[in-house]
Structure formats: C-alpha cells, structure tokens
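Notes for the structure review
Residues per chain, in single letters:
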Amino acid sequence: MHSGRSGSRQASPAAPIPSKPPQPRKSSGIPSSGCRGPLPGLQTIVELVGATRSIKFASGILAVDTYPAGDVAATYVGLEASAPGRFIVGLGGARGPKPLATLNAYLDQLTGVPVDRRVLAALGPRMLELARDRSAGAYPFLITSAYTATARAILGPDKLLTVNHLVVLETDASRARSIARETISFFPRIPAYAASLRRQGFSETDLAELPDAMVDELAAWGTAEEIAAKLAEHHAAGADQVAINVITGETGPQPIEQWRALAPVLLSS
C-alpha cells in the first residue's frame, strides 16, 4: 500500500458534499488525503469518496472509543465494493489505563479490513511495534525527523510510515511561528503527546514555553520551496509519505489556495 510521497490532511467538510463527482480538471493536488475531525460520522467518508473520482482517502484518525469496529469494517467493505483501493482505515485514540490492550482488542474485532488496509496513529515504541505487527504501518503526528528515523527502525524496512507534519505557508517568521505555536500548544496537555515530546528530547520547559527551536522542528514554514526542503528531512529519515497539515491561524475555511501553491512544488520534489 502506497499513495505517493506527499498527502494532505484536511478538516471534515462544513459544506454539503456534492452527490456526483465534478468534471475532471487539470490537477495540481496532492494524491492522497487524510480526513481529520471532528468527523460527523462514517457516512462522511462514504460521501467524500463518492464525490471524487480517484483521490485516495485515509481516516486520520478514527478513534476506537467512538466508532465500533463492526461499523468501521462495514464502511470499508462497502467502499471497497464501490471504489476499490481508495479508502485506508486509520485508527487510534485508544484512551484509558491500557491503550495498547484496547487497540489490540479492537483490531481483533476488525474483521473484513485486511491488515494491509489499516494504519495506526502510533507514537511510542510499543504502539509502533503494534503497528508493525498488526497493520500496514504507522501514521505519527508531531514528530521530528530524528524521531522519524527511530520509527522507521522499529517498523522495519517494509512497513508504511506516513508522517503528519504541520505546515504554515508564511514567510514572516514571527507570524508563522505564532500560527504554529497556537496549534502545537494544545498537545502538551494530552498525556500521550506530552510523553512523545519528552521521548523526542524536549524538556518540561520546552513543553511549557514552546520555544522557537521546538516550533521549527515540529512545523514547516516559509516559502513552498523551504517547506518542501523541511519535509524532505522526513523522507531522508525513512518516511514513505508526508501528509501536510496546513494551518493558517483561521478556523473554518479549507486552505485551498495554500494547497494549490504547495502542490506543484511538493509533487515535483
């Protein structure tokens, strides 16, 4: 399973999804797309696939404490019948005292979804091992390129590694870092992400203050060419694909113009 070197991570659509695919147009888009939340429901994935002709979608991610395994499997089987090869089941969000056991049990119930058509939002070594053993690979977020190399070593050479990386198409350093810092600031409050950031070598002071050097490691900003160079560090460290998570400092509208500006550069790199 592989969907190209670059992908885009986008918010669940606020506007109604057209029932028929639009007429083809010259594409400058990224070849695969991850859906991020809050997802109104699994039907949204069905509608997205149905409203497009060839884009591959991965759910990034379906929280296992929200979506029953039977419902996810049924959605996958239905889409595989109508649009073969265009939906990859991305899973994660296992909470509680034993997240590894929770996710393992969920995978036991996920009949109908082949191992090579699911990926896990894995951060720590044990979760990466689970992704290696029970899925096509891993989809980590908020990691440095140095940790990408660690993830690749755990997964081995043959498993998929798609890194989700924040992107700010802004050349003013102060504004770009401010936009990135606002998004990043939420995650040190989540225990799994706080642990991941510590594992990557960030200190408690870093987690509290989010200094420029930390922001620059976790978000690519600048011109399209500068962003492509930053994302290339993940590829050099072993990532198969980098899913760009474009943020603008605004909520609501999709960053369509930013995607259009980035696509030609990323697709040619």
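Everything that follows concerns the structure shown earlier in this document.
Described in the following lines is the structure provided in the data block. (Residues numbered from 1 in each chain as written. Predicted model: local features only at pLDDT ≥ 70, side-chain atom pairs only at ≥ 80, totals over all residues. Heavy atoms only, no water.)

**Structural notes on the nonpolar core**
Within the largest apolar cluster, 60 residues are counted, with the highest numbers of intra-cluster contacts made by Leu62, Leu91, Leu110 and Leu142. The biggest single contributor to this core is helix α2 (residues 69–82), with 5 residues. Dropping the residues within four chain positions of it, leucine 62 is found in contact with Leu39, Leu42, Ile45, Tyr67, Val72, Val89, Gly90, Leu91 and Gly92. Counting residues in each nonpolar core, the second largest holds 13 residues, with Leu231, Val242, Val246 and Leu262 among its members. (Core = buried A, V, L, I, M, F, W, Y, C linked by side-chain atoms within 4.5 Å. Buried < 20%, exposed > 50% of the residue type's maximum accessible area, 1.4 Å probe, protein only. Helix = DSSP H or I, 4+ residues; strand = E, 2+ residues; numbered from the N terminus. Contact = heavy atoms within 4.5 Å.)

**A short note on unusual backbone geometry**
Looking along the chain, the bond that leaves glycine 60 and enters isoleucine 61 is cis, with omega of 5°. Along the chain, isoleucine 61 turns up in the loop between β3 (56–59) and β4 (62–63). Its identity as a non-glycine residue notwithstanding, leucine 142 has a phi of 65°, on the positive side. Relative to the helices and strands, leucine 142 resides in the loop between β7 (137–138) and α5 (145–155). Phi at leucine 210 is positive, roughly 50°, even though this residue is not glycine. By secondary structure assignment, the location of leucine 210 is in the loop between α8 (204–209) and α9 (212–218).

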